[in-house]
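Listed below, chain by chain, are the residues.
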Amino acid sequence: MAETNPDKAPEVIFLPWEKRDRLDSLIERSAFPSSISKGEYLAIKMHFGERGGDGHVKPEFIRPFIRAAKSKKAKPFLTDTCTIYHGPRNNAVEHLMVAAEHGFSLNRLQIPVIIADGLLGDEHREIPIPGKHFSKVKIATGITNADRMLVISHFKGHVLTGFGGAIKNIGMGCGSRKGKFEMHSSAAPKVTSQKCVGCGMCIPTCAQSALKLSDGKIELDKKLCAGCGECIIACHTAALSITWNEETKNVQERIVEYALGAVKDIPAYYFNFVCHITPNCDCTGIREKPIAADVGILASEDPVAIDAASLELVVQNSGDVFKKAHPELDCSLQLEYAKKIGLGSRKYKLVEL
Ligand code: SF4
Ligand code: SF4
């Protein structure tokens, strides 16, 4: 975990998007290559994209990181965890197939892809943390058994947290499926029956089988709902929407506590790709139009500083697009809570390449 010295704001190195062909220089300038040791297992934590979606960081951007790791004779592997929603990435077999379809495979990148929480997403280690919501968090063993983590995140909007970047990638992204259930809100979506056209598009997105049609209108079983929000993204008439209450704040705090556990015992370095900034995350499997101009690629040893800098650069360039996309969400909440529990610093020193 990054040490936070209040007198010395962590450095965030910024490569503008128009200079993205100089990614090698950004990697060289960062502390990432010098931190790698010979023979260590390096987990490159990323998101391989959902089938049908195109927002994820593309394989050609991963090659320079792999070259850097191999030049230090480390043992890098690409990794992510199983999802809780219905879809191909909720088990390792289909997750690996989707990853390969998107160019993340041993054949294409010459390093293995490992689903960190195993075949069915139930392989984790409990890591003790001093949290408000959790005293221990369930982190995937493919992460906890690694010697080091390189966290490569696509910075974009998110239906439950406003934006998703490095904190979300290590928080939600390093938890096993059981961990993900713990993190999600227990608040079921709000149903506005008058807006439901009975298309049924939301039903297959629900891993909990909490939705069914009755007389052409959607019905939600609140006892079954895990509050994952996937059906909300699938519904294009806004018949399903987030129930705004204390739970929506709590879900952000729970993700931050998982992030704290994920990097408690393992050193990590972070790169954010602030480009193709869509309103929702890469789990949707929908090709969404960007809501902001491309910004660039950022690097830091502090997950909070890199997300704070990414957010501020997006807002500087394009206005408060995440507030516009998710008006009820306070994007700063995850940053503030992350600072409060010692995950990192909201202050940073931006160094442009
Ligand atoms: S929010 Fe609830 S009803 Fe909607 S997909 Fe998730 S578990 Fe199912
Ligand atoms: S809630 Fe939305 S997605 Fe589900 S059936 Fe109704 S209109 Fe379709």
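Notes on the structure in this doc start here. The shown structure was predicted, so the numbers you read here are calculated from the model rather than taken from an experiment. (Residues numbered from 1 in each chain as written. Chains lettered and ligands numbered in written order. Predicted model: local features only at pLDDT ≥ 70, side-chain atom pairs only at ≥ 80, totals over all residues. Heavy atoms only, no water.)

Notes on the site of ligand 2
Convention followed: A molecule or strand has a residue near it when one of that residue's heavy atoms lies within 4 Å. Amino acid classes used here: Ala, Val, Leu, Ile, Met, Phe, Trp, Tyr, Cys and Pro are nonpolar; Asp, Glu, Lys and Arg are charged; the rest, including Gly, are polar.
Within the structure, ligand 2 sits among Cys196, Val197, Gly198, Cys199, Gly200, Met201, Cys202, Ile218, Cys235, Thr237, Ala239 and Leu240. Among the residues forming the shell around ligand 2, the class breakdown is nine nonpolar, three polar and no charged.

Details of the pairing of strand S15 (residues 296-300)
As a reminder of what qualifies: With a 1.4 Å probe rolled over the protein chains alone, any residue whose accessible area is under 20% of its type maximum counts as buried; one over 50% counts as exposed, and the rest are partly exposed. Helix numbers and strand numbers start at the N terminus; a helix is a DSSP run of H or I with at least 4 residues, a strand a run of E with at least 2. When DSSP finds at least two bridges between two strands, those strands are taken to pair.
Counting buried positions over the five residues of S15 gives five, a clear majority of the element. Strand direction decides the pairing type here: strand S1 (residues 11-16) and S15, joined by four bridges, are antiparallel. In the sheet register, Leu15 faces S15, and the bridge partner there is Ile297. Alignment of strand S14 (residues 268-274) against S15, held across five bridges, turns out to be antiparallel. Across the sheet, residue Tyr270 finds its bridge partner in S15, namely Ser300.

What about the site of ligand 1?
All residues in the neighbourhood of ligand 1 are listed as Pro189, Cys206, Gln208, Ala210, Leu211, Cys225, Ala226, Gly227, Cys228, Gly229 and Cys231. Considered class by class, the residues forming the shell around ligand 1 number eight nonpolar, three polar and no charged.

Some details on the environment of Phe155
Counting through the fold element by element, Phe155 comes out in the loop between strand S7 (148-154) and strand S8 (156-158). Sequence separation between Phe155 and Thr81 is 74 residues; the distance between their C-alpha atoms is 18 Å.

Details of the nonpolar core
Heads up, the rule is: We call a set of buried Ala, Val, Leu, Ile, Met, Phe, Trp, Tyr and Cys residues a nonpolar core when their side-chain atoms join them within 4.5 Å.
Among the nonpolar cores identified, the biggest contains 53 residues, and Met149, Ile170, Val314, Phe322 and Leu343 are the most heavily contacted of them. Formed by 38 residues, the second largest nonpolar core is a distinct cluster that contains Met46, Ile66, Ala99 and Tyr269.

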